[in-house]
Amino acid sequence: MSLHTSHPRSAPRVIVLSGPTAVGKTTVVKKLRAAHPELWISVSTTTRPARPREIDGEHYHFVDDPTFDKMIEQGEFLEWAVVHKRARYGTPRGPMERALANGDSVLLEIDLQGARQVRETIPDALFVFLAPPSWDELVRRLVGRGTETEAERERRLATAREELAAEAEFDVTLVNTDVETVCEELVALMRTPHLTSPEA
Ligand code: 5GP
């Protein structure tokens, strides 16, 4: 028997969860953290201020602009982006790499710009698109309260159309009809061994 027989081996996976604004990514991840504390979910760094009940180091690492600049300079981010033209968000590279080295699959919940960057650096990550149950539902979530101006409403809808078109760039689509179901589908994806050849 040859010592060089190629047996596939399982490796931890990087799973990137993304999707249009207001599709419910944050709610899904919140539920996932509560139901499955054993899963490794990346904690992003952001320059936006913490909201009430958000805990530093748990929901996000909250930092100021100079600190974020320094982290960029030092190459600490796997990816980062300005989201909603308001604040910067980034995935710290170190903790994720340590989790993978430990054999844990990791989940990143990031916006579409971030997902595109990860596609460049980790092409064999699994890209999961969270889709709304319907266009009408997305519109309802986006402009639900009806407190914005007509121009703002139009701007949000244009963005949503563009973001929905990104689905084609993803490996898997999960439809967010029910948070519990989406969570279980994500857990299954995280637990499915990712087979690579020994040479990979
Ligand atoms: P929020 O401020 O409501 O918590 O999040 C706003 C948006 O930022 C969400 O769409 C979320 O996907 C995105 N986001 C959170 N963390 C990251 C990150 O590390 N990188 C990128 N690119 N986007 C992120």
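Owing to the predicted nature of the structure, the values given are computational and were not obtained by experimental measurement. (Residues numbered from 1 in each chain as written. Predicted model: local features only at pLDDT ≥ 70, side-chain atom pairs only at ≥ 80, totals over all residues. Heavy atoms only, no water.)

1. Overview of the site of the ligand
As a structural note, the neighbourhood of the ligand is formed by 15 residues, with Ser 44, Arg 48, Tyr 60, Tyr 89 and Glu 109 the closest of them. In this structure, an oxygen atom belonging to the ligand sits 2.7 Å away from a side-chain N or O atom of Ser 44. At 2.4 Å, a side-chain N or O of Glu 109 approaches an oxygen atom of the ligand. For the ligand, whose unbound accessible area comes to 520 Å², protein coverage reaches 92%. Counted by class, the shell around the ligand contains five nonpolar, four polar and six charged residues. (Near = heavy atom within 4 Å. Polar contact = N/O pair within 3.5 Å; in protein donor to acceptor, adjacent residues only side chain to side chain. Areas by Shrake-Rupley, 256 points an atom, 1.4 Å probe, with all protein chains shown as cover. Nonpolar A, V, L, I, M, F, W, Y, C, P; charged D, E, K, R; others polar.)

2. Structural notes on the nonpolar core
Core analysis: the biggest nonpolar cluster contains 19 residues, and Leu 17, Leu 32, Leu 107, Val 128 and Leu 186 have the highest contact counts within it. Residue assignment for this core shows that the elements contributing at least two residues are strand 2 (14-18), helix 1 (25-35), strand 9 (126-131) and helix 7 (179-191). The element contributing the most residues to this core is helix 7, with six residues. Beyond its immediate sequence surroundings of up to four residues, Leu 107 is in contact with Ile 15, Leu 17, Val 29, Leu 32, Trp 40, Ile 41, Ser 42, Leu 186 and Met 190. Counting residues in hydrophobic clusters, the runner-up holds 18 residues, among them Leu 78, Val 106, Leu 108 and Ala 166. (Core = buried A, V, L, I, M, F, W, Y, C linked by side-chain atoms within 4.5 Å. Buried < 20%, exposed > 50% of the residue type's maximum accessible area, 1.4 Å probe, protein only. Helix = DSSP H or I, 4+ residues; strand = E, 2+ residues; numbered from the N terminus. Contact = heavy atoms within 4.5 Å.)

3. So, the sheet that holds strand 9
Taken in spatial order, the five strands of this open sheet run 3-8-2-9-10, and their pairing is parallel. Each edge of the open sheet carries a strand with a single partner, namely strand 3 (40-41) and strand 10 (172-175). Strand direction decides the pairing type here: strand 9 and strand 10, joined by four bridges, are parallel. Following the sheet pairing, Val 128 is matched in strand 10 by Val 172. (Pairing = 2+ DSSP bridges.)

4. Some thoughts on the packing of helix 1 against helix 7
Interhelical geometry of helix 1 versus helix 7 gives an angle of 65° and a closest axis separation of 9 Å. Viewed along their axes, helix 1 and helix 7 adopt a mutual orientation that is roughly perpendicular. Crossing angle aside, the handedness with which helix 1 passes helix 7 is right-handed. When helix 1 is examined against helix 7, the residues Thr 27, Val 28, Lys 31 and Leu 32 are found in contact with a partner set consisting of Val 179, Glu 180, Val 182, Cys 183, Leu 186 and Val 187. Residue composition of the contact of helix 1 with helix 7, grouped by class: seven nonpolar, one polar and two charged. (Axes fitted to C-alpha atoms, helices over the stretch in contact; angles between N-to-C directions. Parallel < 35°, antiparallel > 145°, perpendicular 65-115°, else oblique. Left-handed = near helix turned anticlockwise from the far one by under 90°.)

5. Describing unusual backbone geometry
Look at Ala 22: it is not a glycine, yet its phi comes out positive at around 70°. Along the chain, Ala 22 falls in the loop between strand 2 and helix 1. With a phi close to 75°, Arg 53 is a non-glycine residue in the positive phi region. For Arg 53, the position within the fold is in the loop between strand 4 (45-46) and strand 5 (61-62). Given a relative accessible area of 77%, Arg 53 falls into the exposed group.

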